[in-house]
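A look at the structure
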Amino acid sequence: TRIGAAQTELTSVLQAVEDAEKRLEDKQNEREKLVEANKTQLLNIEAQIQMQEEEKIKVANEMDQATIALNKVKARKATRIAELTKELADSRVECDVLEKEAEVTRKHLAAISDSAAVAKAEEEAKKAAEAESKATATVGNDVPSDAKSAAADKKKKGEQKEK
């Protein structure tokens, strides 16, 4: 009986060892599957990192090109502003010259207008004097002295306008 009990115990221990070996084998298989899955994930992550690095380089190049284009635009803008500023200054100078010429022309026109008014007044005074002279010649010395004074006043006013 002791031998039977020892054999039963031995069988039971052997069965426990076989079960443990089977569980160990299952665990190792599971571990290998996880290692393979981790390798695949690691490769995917490395591929994503590589793609991101390439995208980063592409974006950096695009930014560099955009910066170069922006600097060119800024340079053209600065040049254009300088050109327009010079044109504006030239236009202002030309405008000042034209304003001075216009003022001289205005003064000249005013002088011509004044001369024309004086000439017209003189002409009217001359015509009035001639008319008076004719009237005096036909009427004789009977012209009242008031009429002579009025003619003399008109003549004086014409002379004053000339001055």
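Structure shown above.
A brief structural summary. The shown structure was predicted, so the numbers you read here are calculated from the model rather than taken from an experiment.

Cut-off values and rules
Residues numbered from 1 in each chain as written. Predicted model: local features only at pLDDT ≥ 70, side-chain atom pairs only at ≥ 80, totals over all residues. Heavy atoms only, no water. Helix = DSSP H or I, 4+ residues; strand = E, 2+ residues; numbered from the N terminus. Buried < 20%, exposed > 50% of the residue type's maximum accessible area, 1.4 Å probe, protein only. Salt bridge = Lys/Arg side-chain N within 4 Å of Asp/Glu carboxyl O. Patch = residues over 30% accessible without salt bridge, like charges linked within 9 Å, V, L, I, M, F, W, Y side chains within 5 Å. Areas by Shrake-Rupley, 256 points an atom, 1.4 Å probe, with all protein chains shown as cover. Lys, Arg positive; Asp, Glu negative; His and termini not counted. Charge placed at Lys NZ, Arg CZ, Asp CG, Glu CD.

**Observations regarding the overall build of the chain**
In terms of helices and strands, the chain carries two helices and zero strands. Of all 163 residues assigned to the chain, the portion counted as buried reaches 4%.

**A few points about the pattern of salt bridges**
Opposite charge on two side chains lets them pair, provided their charged atoms get close. Inspection of the entire model under this criterion finds four salt bridges. Across the pair Glu103 and Arg106 runs a salt bridge, and its minimum N-O distance is 2.6 Å. Taken as a pair, Glu103 and Arg106 lie in helix H1 (residues 2-139) at a separation of three residues, close to a single helical turn.

**Some details on a negative patch on the surface**
Taken together, Glu18, Asp19, Glu21, Glu25, Asp26 and Glu30 make up a surface patch of like negative charges. In this fold, Glu18 is placed in helix H1.

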